Structure formats: structure tokens, C-alpha cells
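Chain by chain, the residues:
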Amino acid sequence: MMKSTLIFFVFVAVFSNSIAQVTTQEKDSLLRQDTTRREIKYKPKASAYIVPGVFISYGLISLTGDNVIRRLDYTTNAELQEDHPSFAFKMDNYLRYAPAVAVYGLDLVGVKAKHSVVDRSIMLLSSYAMVTVSVGSLKGLSNRLRPNGANAHSFPSGHTSLAFMTAEFLHQEYKDRSVWYSIGGYAIATGTGILRLYNNAHWVSDVVAGAGFGILSTKLTYLAYPYIKRKLFKGKPVDMLISPNYQHGKLGFNLIKRL
């Protein structure tokens, strides 16, 4: 029971960070609108990157050998499998996309997002490309065996990284509307990560690191996109974008075109 409680509080740390950003830190650095050029400027504080940095560091430390973090992986997994040996609830395969779907769904019912459909779609695809390339590369480099022995692509958790990437996407687009959108998105991402543990697909450090990579990818995209858009398109509307995509060991491309 103690180990399961620890898992809960690890994810609450990310969840609480989302709320804190809305209520304190990021309200000091909200997107500012230039009324003459209609150009969005995103200037986050360095503190916004602390939580994803800590989560990624936590996971990387687990790769260094026999240490307290790696031992926690083993003991937590043993406890979960002892208490829930036949657990098999695969909703995590779908939950990871739910926050992104919510962004477009809310927009369709009249709750407008911060950015246009094209801009936010480009940022979503860019975040997706960033997280899949980084996580996919690390899976190959780390060569960590999953707790269920299925393969050696355990670290970091891809499902969790996508869930937190889309949760941060929902947070960025709707944080000015209500804190509850952020709470909902991060709650879904947290549930996805916990399901990966209960389904015996990942170790705790895999999931924690995946959360960090997911959050960081979206934050970096929102930081870089205004500058890239200004340099490449010089204020003109974006009609088409090709974005790289890496998944399951294969490199591909995504295309967005304004209709």
C-alpha cells in the first residue's frame, strides 16, 4: 500500500504543477497580444521547466545502475503484481489522446481555444514529432526490458509521454478559460501513467520520465513556434506544414494544409 501511495503522489506533483502555473507563475507570463501585428508572444519563466526537468532526471538516474530509484521500480512492480495479478484494462491506449481531442471538441461547441486551428495543429504535430523522436531514440538506447518481458523498449513510457504532451497542449490552449480544463487534462494523463504500471507494461521510472518528456515537448514547441513562424513566414498565414514523425522505429511525415 505504501508504494501505491507513493505512485499517486508522484503524479500529483505534476498535476499540482499544472494548477500552480495557472494560478501563480504563468499568470505573470501569459501570452501577450501585439494589437498592431497580431503576433502572439510566449515568454514563460524558467521555473516552468523545473518539474519536467526533475521528472526526466529521475528517470535517467534509474538507468545508472542499482540505486534507490531502480530498487523502487522493482518493489513497486512486485507489490502491484501481488495485489492485482490479473489486471488488464487497456483504456490507456486511448486515454493518451483524449486531451488533444478535447481541444478540438471544445472549439467545435463554441469554447474557443487560444490559437487558430492551423497554428495549434502545427504546434500539436511539432510536439508529437519532438516527443516521439526523443522517446523513440531513448527506447533504443536504454534497451530496458519491460516488467512483463514483452520487449526491451520500456524506458521511457511512450503512452505516458503522449498523454502528458496532450495534457500540456490542452493546458496551453485553455488555461485562460478555466483551471478545470488543465485539471481534467492532467488527471487523464495521470490515469494513463498509472494504468501503464498496473498493466505491467512499465516501471515507475519509465512513467515518470515519460511524463517529463511529454510536458517538456509541448512547452518547448509553444516557446519556439512564434519565432519560427515569424522567421519562416514573415507574418503571412501558414498554408502548409510538413512535420517529421517517429514511431515504432519508423520515420514518417505529417502534413497540415489550410483549406
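Everything quoted here is computed from the prediction, not taken from an experiment.

Caption draft 1: Expanded view of the packing of aromatic side chains. Here the structure, examined in full by the defined rule, presents 5 aromatic pairs. On the basis of an interplanar angle of 65° and a centroid distance of 5.7 Å, the ring pair of phenylalanine 164 and tyrosine 186 is categorised as edge-to-face. Here tyrosine 186 lies in helix 8 (residues 179-198) and phenylalanine 164 lies in helix 7 (residues 158-174), a separation of 22 residues in the sequence. Taken individually, phenylalanine 164 and tyrosine 186 each receive the classification buried, so the pair is uniform in this respect. Geometry around tryptophan 203 places arginine 70 over its ring, the cationic atom sitting 4.7 Å from the centre.

Caption draft 2: Up close: the environment of alanine 224. Mapped onto the secondary structure, alanine 224 falls in helix 9 (residues 204-233). You can call alanine 224 partly exposed: its relative accessible area is 31%.

Caption draft 3: Representation of empty space enclosed by the protein in the model. Inspection of every chain in the model, using the stated rule, returns 1 cavity of 30 Å³ or more. Around the largest cavity, the lining residues are Asp73, Thr76, Asn77, Leu80, Leu197, His202, Trp203 and Val204. In terms of residue count, the dominant contributor to the lining of the largest cavity is helix 3 (residues 68-83) (4 residues). When its residues are assigned to classes, the lining of the largest cavity shows 4 nonpolar, 3 polar and 1 charged.

Caption draft 4: Up close: the nonpolar core. Counting residues in hydrophobic clusters, the biggest one holds 23 residues, and the most contacted among them are Val131, Met165, Phe169, Tyr174 and Phe213. In terms of residues, this core owes the most to one element, helix 6 (residues 117-142), which gives 8 residues. When neighbours within four sequence positions are excluded, valine 131 is seen to be in contact with Gly136, Ser161, Leu162, Met165, Phe213, Gly214 and Ser217. With 14 residues, the next largest nonpolar core counts Phe55, Ala163, Tyr186 and Val204 among its residues.

Caption draft 5: Representation of helix 7 in the model. Counted at 1.5 Å a residue, the expected span for helix 7 with its 17 residues is 24 Å, and the 24 Å between its end C-alpha atoms agrees. Of all 17 residues that make up helix 7, 17 are buried, and the element is covered over most of its length.

Caption draft 6: View of the side chain of asparagine 200. By the element assignment, asparagine 200 lies in the loop between helix 8 and helix 9. We classify asparagine 200 as buried; its relative accessible area is 13%. Of note is the side chain of asparagine 200, whose polar atom sits 2.8 Å from the side chain of asparagine 77. Sequence-distant contacts of asparagine 200, defined by excluding residues within four places in its chain, comprise Asn77, Gln81, Pro147 and Asn148.

Caption draft 7: How the structure looks around a nonpolar patch on the surface. Together, Phe87, Phe89, Met91 and Tyr94 make up an exposed nonpolar region whose accessible area comes to about 410 Å². By the element assignment, phenylalanine 89 lies in the loop between helix 3 and helix 4 (92-95). Residue phenylalanine 89 is classed as partly exposed on the basis of its relative accessible area of 43%.

Caption draft 8: Up close: unusual backbone geometry. Between phenylalanine 155 and proline 156 the backbone carries a cis peptide bond, its omega angle lying at -10°. If you trace the backbone, proline 156 turns up in the loop between helix 6 and helix 7. One non-glycine residue, asparagine 143, lies in the positive phi region at around 50°. Residue position: asparagine 143 is located in the loop between helix 6 and helix 7. In this structure asparagine 143 comes out as exposed when scored by relative accessible area, which is 52%. A positive phi angle, near 65°, is found at asparagine 200, a position not held by glycine.

Caption draft 9: Representation of the pattern of salt bridges in the model. Enumeration according to the criterion identifies 9 salt bridges in this entry. Residue arginine 144 is joined to aspartate 73 by a salt bridge in which the shortest nitrogen-to-oxygen separation is 3.9 Å. Linking arginine 144 in the loop between helix 6 and helix 7 with aspartate 73 in helix 3, this pair joins segments that are 71 residues apart in sequence. A relative accessible area of 6% places arginine 144 in the buried class. Measuring nitrogen to oxygen at the nearest pair gives 3.2 Å for the salt bridge that ties glutamate 168 to lysine 219.

What counts, and where the lines are drawn
- Residues numbered from 1 in each chain as written.
- Predicted model: local features only at pLDDT ≥ 70, side-chain atom pairs only at ≥ 80, totals over all residues.
- Heavy atoms only, no water.
- Phe/Tyr/Trp six-rings, centres within 6.5 Å; stacked < 30°, edge-to-face > 60°.
- Helix = DSSP H or I, 4+ residues; strand = E, 2+ residues; numbered from the N terminus.
- Buried < 20%, exposed > 50% of the residue type's maximum accessible area, 1.4 Å probe, protein only.
- Lys NZ or Arg CZ within 6 Å of the ring centre and 35° of its normal.
- 1 Å grid on protein atoms, 1.4 Å probe; cavity = no way out; pocket = protein on both sides within 12 Å on 5 of 7 lines; lining within 4 Å.
- Points joined across faces, edges and corners; volume = space filled by probe spheres on them.
- Nonpolar A, V, L, I, M, F, W, Y, C, P; charged D, E, K, R; others polar.
- Core = buried A, V, L, I, M, F, W, Y, C linked by side-chain atoms within 4.5 Å.
- Contact = heavy atoms within 4.5 Å.
- Expected span 1.5 Å × (residues − 1).
- Polar contact = N/O pair within 3.5 Å; in protein donor to acceptor, adjacent residues only side chain to side chain.
- Patch = residues over 30% accessible without salt bridge, like charges linked within 9 Å, V, L, I, M, F, W, Y side chains within 5 Å.
- Areas by Shrake-Rupley, 256 points an atom, 1.4 Å probe, with all protein chains shown as cover.
- Salt bridge = Lys/Arg side-chain N within 4 Å of Asp/Glu carboxyl O.

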